[in-house]
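# Coordinates in review
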Amino acid sequence: QMPGSKICNGKYNYCNCSDGYEWKNGICIPKVPNYLACKIGSLYYSDGSCSSDNLKDKELLGVVIYEKSADENGWVMTVNPIATKISWGVYGVTTGTEQGIHSSCRNTEKLVALGDEYAAAKSSYNYKAGEKKWCLPSRELLEHINNSIYFPKVNKGISTAGGTILGTVNNGDEEWVWTSSEYGSSNAYTFYANRNGNFLMHFNISKISFNEQISVRPVFAF
């Protein structure tokens, strides 16, 4: 039964609703996702649900790295890098990107508009999964998991999903994840992690670095 239909034309007291809808007050209405289940480290699926388990019958989009509240969006990051050995942008040019937790998409759109040289942002912008708006994460968004409480939770979720845990990209022992936030005209912030569970926010990575351990892990808001 499609949304808005009235009690199946008066013939029944209840009807099965289409996927993504539920029966309430005599009609099918869109389901409201239970965001209370979307804790840091839980896995986020394309139907808006979250779980601590890897649910094979659903499309997995990523791992929650920032929880949704009544006043703020939550954020989800891919469980695998979508690109490695990729540069941030043009050396010696100040772009004016922001640092704040919720500035990821504004930064990404600004960088993409500057041209193809801003490869990390462009790869995030062009990523397609779950019909979401994917963006290169801001410094403060990744800074949010830069602690001994959230970092292991995120990596546990990534491991449950069978993804590449932070710090093991290209089978190495360390990883630098590009943010969309620059540090002056020549460097950009990266989130550093290694397989031993160490983590740190770096700011001295050149915008034109192509190190094989540098990765892009895009995010979207929910």
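In what follows, the accompanying structure is described. Numbers given for residues are sequential positions, taken from 1 along each chain in its written order. Residue-level local features of this predicted model are given only where pLDDT is at least 70; pairs of side-chain atoms are given and counted only at 80 or more, and the full residue set underlies all totals for whole chains, interfaces and linings. For the side-chain quantities, the full set of heavy atoms in the structure was used; hydrogens and water were omitted.

### What to know about the overall build of the chain
The secondary structure listing takes helices from DSSP runs of H or I that are at least 4 residues long and strands from runs of E that are at least 2 residues long, numbered from the N terminus. When you go through the chain residue by residue, the secondary structure sums to 4 helices and 12 strands. Oriented by its inertia axes, the alpha-carbon framework of the chain measures out at about 70 × 35 × 30 Å. Within the chain, the proportion of its 222 residues that are buried is 45%. Contacts are assigned to residue pairs with any non-hydrogen atoms lying within 4.5 Å of each other. Sequence-distant contacts in the chain: of pairs separated by 6 or more residues, those separated by 24 or more amount to 59%. Per-residue and other accessible areas were derived by the Shrake-Rupley procedure at a 1.4 Å probe size, with only the shown protein chains allowed to occlude residues. Carbon together with sulfur atoms contributes 48% to the accessible area of the chain, which is approximately 11000 Å² in total. Between the mean site of the 21 positive side-chain charges and the mean site of the 21 negative ones, the chain shows a separation of 6 Å. A 1.4 Å probe rolled over the protein chains alone gives each residue an accessible area, and that area as a share of the maximum for its type sets the label: buried under 20%, exposed over 50%, partly exposed in between. For the purpose of charge, His is not counted, nor are the chain termini; Lys and Arg are scored as positive and Asp and Glu as negative. In plain terms, the charge of a residue is placed at NZ if it is Lys, CZ if Arg, CG if Asp and CD if Glu.

### Here we look at helix α4 (residues 150–160)
Buried residues of α4: F151, V154, N155, G157 and I158, and no others. Projection of α4 onto a plane perpendicular to its axis shows the buried side chains occupying an angular sector of 155 degrees, all on one side. Elements in contact with the buried residues of α4: β3 (43–45), β5 (60–66), β6 (75–77), β9 (187–194) and β10 (199–206). Positioned one or two residues after α4, G162 has a phi angle of 80 degrees, which is positive. This arc is built from the directions going out from the helix axis to the C-beta atoms.

### As for the sheet that holds β3
Strand pairing in a sheet is mediated by backbone hydrogen bonds. Such pairs are either parallel or antiparallel. The 5 strands lie next to each other as β4-β3-β5-β6-β12, forming an open sheet whose pairing is antiparallel. Across the chains shown, the open sheet's two edge strands, defined by having one partner strand only, are β4 (50–51) and β12 (219–221). Two strands pair under a simple rule: DSSP has to find at least two bridges between them. Pairing of β3 with β5 involves 3 bridges; the strand directions are antiparallel. Directly across from L43, in β5, lies its bridge partner V63.

### Considering the nonpolar core
We call a set of buried residues a nonpolar core when its members are Ala, Val, Leu, Ile, Met, Phe, Trp, Tyr or Cys and they connect through side-chain atoms within 4.5 Å of each other. Residues V63, I65, W75, M77, V154, L166 and F191 are the most contacted members of the largest nonpolar core, which totals 26 residues. Look past the residues within four positions of V63 in its chain and what remains in contact with it is G41, S42, L43, W75, V76, M77, V79, V154, G157 and I158. Ranked by size, the runner-up nonpolar core spans 16 residues in total, among them L136, W178, Y192 and I205.

### Focus: the sheet that holds strand β7 (residues 83–84)
Strand order in the open sheet formed by 5 strands is β7-β11-β8-β9-β10, and the pairing between neighbours is mixed. Edge positions in the sheet fall to β7 and β10, since each has one partner strand and no second.

### Structural notes on the pattern of salt bridges
Each reported salt bridge corresponds to a side-chain nitrogen of Lys or Arg within 4 Å of a carboxyl oxygen of Asp or Glu. Counted by the stated rule, this structure contains 8 salt bridges. As a salt-bridge pair, E175 and R217 come within 2.9 Å of each other at their nearest N and O atoms. One end of the pair, E175, is in strand β8 (residues 174–183); the other, R217, is in the loop between β11 (214–216) and β12, and 42 residues separate them in sequence. Judged by its relative accessible area of 0%, R217 is buried.

### Quick notes on the environment of G163
Looking at the secondary structure, you find G163 in the loop between α4 and β8. Considered as a pair, G163 and P81 are 82 residues apart in the sequence and their alpha carbons are 8.9 Å apart. Setting aside anything within four residues of it in sequence, one finds G163 in contact with V79, N80 and I158.

### Some details on the packing of aromatic side chains
Put simply, two rings from Phe, Tyr or Trp (the six-membered ring, in Trp's case) pair if the centres are within 6.5 Å, and we call them stacked under 30 degrees between planes, edge-to-face over 60, tilted for the rest. For the structure on display, the rule yields 10 aromatic pairs. Here the aromatic rings of W134 and F220 are separated by 4.8 Å at their centres, their planes lie at 80 degrees, and the arrangement is edge-to-face. Residue W134 is located in the loop between α2 (119–125) and α3 (139–143), and its partner F220 is located in strand β12; the two are separated by 86 residues in the primary sequence. Both residues of the pair, W134 and F220, count as buried. Relative to Y192, the ring of W176 lies with its centre 5.7 Å away and its plane at 50 degrees, an arrangement referred to as tilted. Here Y192 lies in strand β9 and W176 lies in strand β8, a separation of 16 residues in the sequence.

Interpretation in functional terms is not warranted from these geometric data alone.
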